[in-house]
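Architecture at a glance
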Amino acid sequence: MRKYVVIYQSVLMENLQYTANIAMGFISYLILIFVFIHLWEYMYAAPGDLIAGYTKAQMIWYVMITEMIWFGARSSTIREQVSADIRGGNIAYLVNKPYRYPLYILAKYTGEWNIQLPMYAGLTAVIGITMVGEIPDFHWITLVAAVPCIVLGMTIHAVFKLCIGMLSFWIEDANPFQWLYDKLILVVGTIFPVEIFPAALQPVLKLTPIYTVCYGPAKLIVDFSAGKYLEILLAQMLYLAFGSVILFWIYEKGGRKLYVNGG
Amino acid sequence: MLTAVKNQMRVCALAVKYNIMREMLNKVTFLTNILFMMFNNATFIVQWVILLRLREDVGGYTMRDVMLLWGLAASSFGLSRLLFSRVFSLPELIINGKLDAYLVQPKNVLLSVMTSATSASAIGDLAYGLLLVCIFCFSVKRLLLFLLFTVTGALIMTAFALLMGSLTFWFVRAEMFASHMVSSTISFATYPDGIFKGAARFLLYHLIPVGMAIYHPVHIMIAFDGRKLLAVLGYLVLLSAAAVFVFYRGLRRYSSSSLMQSGRV
Amino acid sequence: MKVIEAEKLCKNFQVKHKEKGMRGSIKSIFHPLTEEICAVDRVSFGVEEGEILAFIGPNGAGKSTTIKMLTGILYPDSGHVEVLGIDPVRRRRQLAYQIGTVFGQKEQLWTHLTPYDNFRFFGAIYDLDNDASEARIAELTEIFALGEFINTPVRNLSLGQRIRCEIVASLIHRPKVLFLDEPTIGLDPVVKENIRILIKQMNKELHTTIFLTSHDIGDIEKLCKRIVIVNAGQIVLDDSMEHLKYHYLNKKIVEIKLQEEASLPPIEGITVLKKKGGNIKFEVDTAVIKINDVLRSIDAERIEDINISNISLENIIMEIYKTEGRENGL
């Protein structure tokens, strides 16, 4: 376990050097949020309206938080490195090292998001409070409660991305699948809360990673309830366990294929 | 003079042709890239179906208008990346000293750099835009205007990317800045201008090129307006001139730079 | 006639610094440190028409920086350059028509195209019309024996074939000067030899002036009549190959094996390098003492084995790297 901590620490240290670069990403985030604020200002014709059970402030905060998670989780490590390692043949050297490759990637990714996400969180809080106003019925305790959900969500996200990246053991280009997954999260998961979709679709959406990766944490922060909290935590645990089993299964299978083909 | 221009064009055309040939090397990857890009764009229709279920129009745009907007944004960006893909990775070339290879050639450095790469998915973007126009709001006149504005939009976006990317000659950090500015332009380009008011609106029509590349053209395609057309063309000329000027100032700096760049000693 | 003239060329670079550890990382966010290094320091030399010049030095000595200043990629901080009477800073494009460049580590060819298509592309870049391109390609294909693979995509060629194509691509427009930056890097000995013969032939038949940098002593020994050595940005030696060899060749290395342990008589001009039992290795300065005088001083009865050799060029150059050009404290 200690070696993963060391990997984590060195990535953390390296990324501290790039805080200015990360802050550059604020531009895209700000512009996106800027667009969404204008969009929802337009959509909520009268101040007291509710759309899908959300007030205007809740809706904008919801989008800001899901986008914050999306931006905070951006990492070339989980998006490109796995595919590149496998396709470039680098993996043959990495599987022989005395660590488990998926855990090594996860440690590296954690080091990355541990810097990025807090930075985006700070930014989100500042623009949220100045441009949207406080979240209705907000308590600090809900924020503390939501932290484990965010950590779990970030990890689940990486586990799924890694599973997709490892498809490169079999197919030449796993990018289209990365795309599909990203689109699912981005278009369906971050722009709207699940409740806005037609009632028939909602149960289906709850089965997708959207529910555990972005909907869960954001929903808890804008509209906390104990029942929801337990439900989301439970779902996340199940997802993580399930995802990890798949991840290691794919990795073992793929690794064996590597030995058969001689790398 | 004329032969020089002709020779230059010949080199550019060859470069673009060879780029596309390179992308087509693996036919399966080439086609999946194109199709996935189209599919990728199409997913956003979901967003608009949902939004337009909540209200009849968004910022004064109905479904047809939104599709026209989306189509033009996709086509313009697609054409720009098809022909001049390298402009979008210009900062990387500058930082890693990769412009050297173009500097020893006796051709126009900017054009050689710009046309030195392409991307298959750009074809998907271009095709998606054309498809949307043909499906949602076809008329011959509109299609011709659409083609014209695809070209002007592509040139405006290219010039903007060039301008932003050239800042890397002065500030290494501009690499990230440039890519965020370009992607932000695209974010704006896929939302109706009607939702923006006041200062935001002013910015989008002046500082950020989306007003002239996309919004005005969409208005013109809905209801023709000659003055807006002139504004678009004028803006195109000004922005291009500024971008080329800044690039060459930067190039001079690149050559006299004392910045240690990897692979440059 | 001088083809290349460089006078007191200087180029400085700034390098970033970071202190170690987490503290250094945090510190460098707020206080980035830079240090100025002198990559090229008052370098002056000239190259005659038709000459093959070896421009060598250890890594980071300023070789590539110098080439870049000669070809107009980098502008010197001070000093003056002229290549073919053209100032590369002010008339880079005009110069480009007259010079060719091959960077062994960077490829200029499109790897998915055949050499033939590539050559046509370079023909277009240098404004050759179709007929002129064709004729030139045929000529070079002949000289460089490319016939076998002229229609095979570059990515399927061996490294040796590829570098031949790189050289041909840079010769399409009949450049008067060719800059070769480590052309034989990564090649096997047979292919290296092959490339050297071609370069030599090209120099002879096409009268191309060649400016060559290499780490390969073989390249230098077999190709060049003149050698310029740079170290830490300064020229430490500019001499003809013959002179260099002669200068260092008046040293001989003698290794003898004696029946029993013994020591050499103290004679002037002999330096013992290594001694173990009856095995002695020593250097003889033939300017001071003749080699047969040295041998006469040793009892021939006791010698079991003897080996006399010259100092290799490699050692000579290494010696020069080590001893000179380090005064600047770099």
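In this text, all values refer to a predicted model and were calculated from it rather than measured experimentally.

Right, let's get into the overall build of chain C. Of the regular secondary structure elements, chain C holds eleven helices and 13 strands. Taking 330 residues into account, the globule formula puts the C-alpha radius of gyration at 20 Å, and chain C, at 25 Å, lies well above it. Referenced to the eigenvectors of the C-alpha coordinate spread, the extents of chain C come out at roughly 75 × 60 × 45 Å. Expressed as a percentage of its 330 residues, the buried residues of chain C come to 50%. Accessible area for chain C stands at about 16,300 Å²; split by element, carbon and sulfur atoms hold 49% of it. Between the mean site of the 43 positive side-chain charges and the mean site of the 48 negative ones, chain C shows a separation of 5 Å.

Within chain A, the secondary structure is distributed over eleven helices and zero strands. Counted from the first residue to the last, chain A has its helices and strands arranged as α-α-α-α-α-α-α-α-α-α-α. Since a compact globule built from 263 residues should have a radius of gyration of about 18 Å, the 19 Å found for chain A is in line with a globular shape. Principal axes of the C-alpha set define a box for chain A whose edges measure 65 × 45 × 30 Å. Summing over all exposed atoms, chain A offers an accessible surface of approximately 11,400 Å²; the carbon and sulfur share of this is 68%. Each charge class in chain A can be summarised by its mean position, and for the 17 positive and 16 negative side chains these summaries are 11 Å apart.

Here the focus is the interface of chain B and chain C. Counting from both sides, the interface comprises 31 residues of chain B and, opposite them, 34 residues of chain C. Where chain B abuts chain C, roughly 3,100 Å² becomes buried across the two surfaces, and 59% of that area is made up of carbon and sulfur atoms. Put simply, Lys68(C) and Asp100(B) hold a salt bridge, and the shortest N to O gap is 3.1 Å. The interface formed by chain B and chain C contains 13 residue pairs in polar contact (both at pLDDT 80 or more). Those elements giving two or more residues to the side of chain B that touches chain C turn out to be α1 (2-23), α5 (100-103) and α12 (226-256) of chain B. Top element by residues in the side of chain B that touches chain C is α1(B). It accounts for nine residues. Counted by class, the side of chain B that touches chain C contains 15 nonpolar, ten polar and six charged residues.

Residue and element names in this part refer to chain C. Strand order in this open sheet of six strands is β5-β6-β7-β3-β8-β9, and the pairing throughout is mixed. On the outer flanks of this sheet lie β5 (99-103) and β9 (234-240), each paired with one strand and no other. In this sheet, adjacent strand axes meet at a mean angle of 15° when their direction is disregarded.

What follows covers helix α7 (residues 189-206) of chain C. All names here are of chain C. In this model α7 runs 25 Å from its N-terminal to its C-terminal C-alpha over 18 residues, within 8% of the 26 Å that 1.5 Å per residue would give. Taken residue by residue, α7 has Lys192, Ile195, Arg196, Leu198, Ile199, Met202 and Asn203 as its buried positions. The arc that holds every buried residue of α7, seen down its axis, measures 160°, which confines them to one face. Of the exposed residues in α7, the ones pointing more than 90 degrees away from its buried face are Val190 and Lys204.

This next bit is on the packing of aromatic side chains. Applying the stated criterion across every chain, the model contains 42 aromatic pairs over all chains. Both rings, one in Tyr205(B) and one in Tyr215(B), keep their centres 6.0 Å apart while their planes meet at 50°; by these two values the pair is tilted. Residue Tyr205(B) is found in helix α10 (residues 198-206), and its partner Tyr215(B) is found in helix α11 (residues 210-222); the two are separated by ten residues along the sequence. Of the two residues, Tyr205(B) and Tyr215(B), neither departs from the other in class, the shared state being buried. On the numbers, 5.1 Å between centres and 35° between planes, the contact of Phe55(C) with Phe211(C) is tilted. Of this pair, Phe55(C) sits in strand β3 (residues 52-56) while Phe211(C) sits in strand β7 (residues 209-213), and the two are 156 residues apart along the sequence. Neither Phe55(C) nor Phe211(C) differs from the other in exposure class; each is buried. Here the aromatic cluster, defined as three or more aromatic residues joined through ring pairs, consists of Phe169(B), Trp170(B), Phe247(B), Tyr248(B) and Tyr254(B).

Let us look at the pattern of salt bridges. Residues and elements named next belong to chain C. Under the defined criterion, the tally for this structure stands at 26 salt bridges over all chains. The shortest N-O distance in the salt bridge between Glu139 and Arg174 comes to 3.4 Å. Of this pair, Glu139 sits in helix α5 (residues 130-143) while Arg174 is found in the loop between α6 (159-169) and β6 (177-181), placing the two residues 35 residues apart along the sequence. Note on Glu139: relative accessible area 28%, which makes it partly exposed. Here Arg174 falls in the exposed class, since its relative accessible area comes to 53%. The partner of Glu193 in a salt bridge is Lys222, with the nearest N and O atoms 3.4 Å apart. In this pair, Glu193 is assigned in helix α7 and Lys222 in helix α8 (residues 217-223), connecting sequence segments 29 residues apart. Glu193 gets classed as partly exposed once you look at its relative accessible area, which sits at 29%. Look at Lys222 and you get partly exposed, because its relative accessible area is 45%.

Over its 26 residues, helix α7 (residues 140-165) of chain A runs 37 Å from end to end, which matches the ideal 38 Å to within 8%, given 1.5 Å per residue. Of all the bends found along α7(A), the most pronounced is centred on Ala146(A) and spans about 30°, while Pro148(A), a proline, follows it within four residues.

The next point concerns the sheet that holds strand β12 (residues 279-285) of chain C. Either a parallel or an antiparallel arrangement is found when strands of a sheet pair, and the pairing is made through backbone hydrogen bonds. Residues and elements named next belong to chain C. The antiparallel open sheet is built from four strands, whose spatial order is β11-β12-β10-β13. Looking along the sheet, the strands with just one partner apiece sit at the ends: β11 (270-276) and β13 (303-310). Averaged over neighbouring strand pairs, the angle between their axes works out to 15° when direction is ignored. By the bridge criterion, six bridges tie β11 to β12 in an arrangement that is antiparallel. Pairing of Lys276 across the sheet is with Asn279, part of β12.

When the pLDDT values of chain A are averaged, the result is 88; 98% of them are 70 or greater. Across chain A, helix α3 (residues 56-72) of chain A holds the top mean pLDDT of 94, while helix α5 (residues 91-94) of chain A sits lowest at 80.

Parameters at a glance
- Residues numbered from 1 in each chain as written.
- Chains lettered and ligands numbered in written order.
- Predicted model: local features only at pLDDT ≥ 70, side-chain atom pairs only at ≥ 80, totals over all residues.
- Heavy atoms only, no water.
- Helix = DSSP H or I, 4+ residues; strand = E, 2+ residues; numbered from the N terminus.
- Rg over C-alpha atoms; globule rule 2.2 N^0.38 Å.
- Buried < 20%, exposed > 50% of the residue type's maximum accessible area, 1.4 Å probe, protein only.
- Areas by Shrake-Rupley, 256 points an atom, 1.4 Å probe, with all protein chains shown as cover.
- Lys, Arg positive; Asp, Glu negative; His and termini not counted.
- Charge placed at Lys NZ, Arg CZ, Asp CG, Glu CD.
- Contact = heavy atoms within 4.5 Å.
- Buried area = accessible area lost by both parts, 1.4 Å probe.
- Salt bridge = Lys/Arg side-chain N within 4 Å of Asp/Glu carboxyl O.
- Polar contact = N/O pair within 3.5 Å; in protein donor to acceptor, adjacent residues only side chain to side chain.
- Nonpolar A, V, L, I, M, F, W, Y, C, P; charged D, E, K, R; others polar.
- Pairing = 2+ DSSP bridges.
- Axes fitted to C-alpha atoms, helices over the stretch in contact; angles between N-to-C directions.
- Expected span 1.5 Å × (residues − 1).
- Arc of directions from axis to C-beta.
- Phe/Tyr/Trp six-rings, centres within 6.5 Å; stacked < 30°, edge-to-face > 60°.
- Bend = angle between axes of the 7 residues up to and from the residue.
- pLDDT = per-residue confidence, 0-100.

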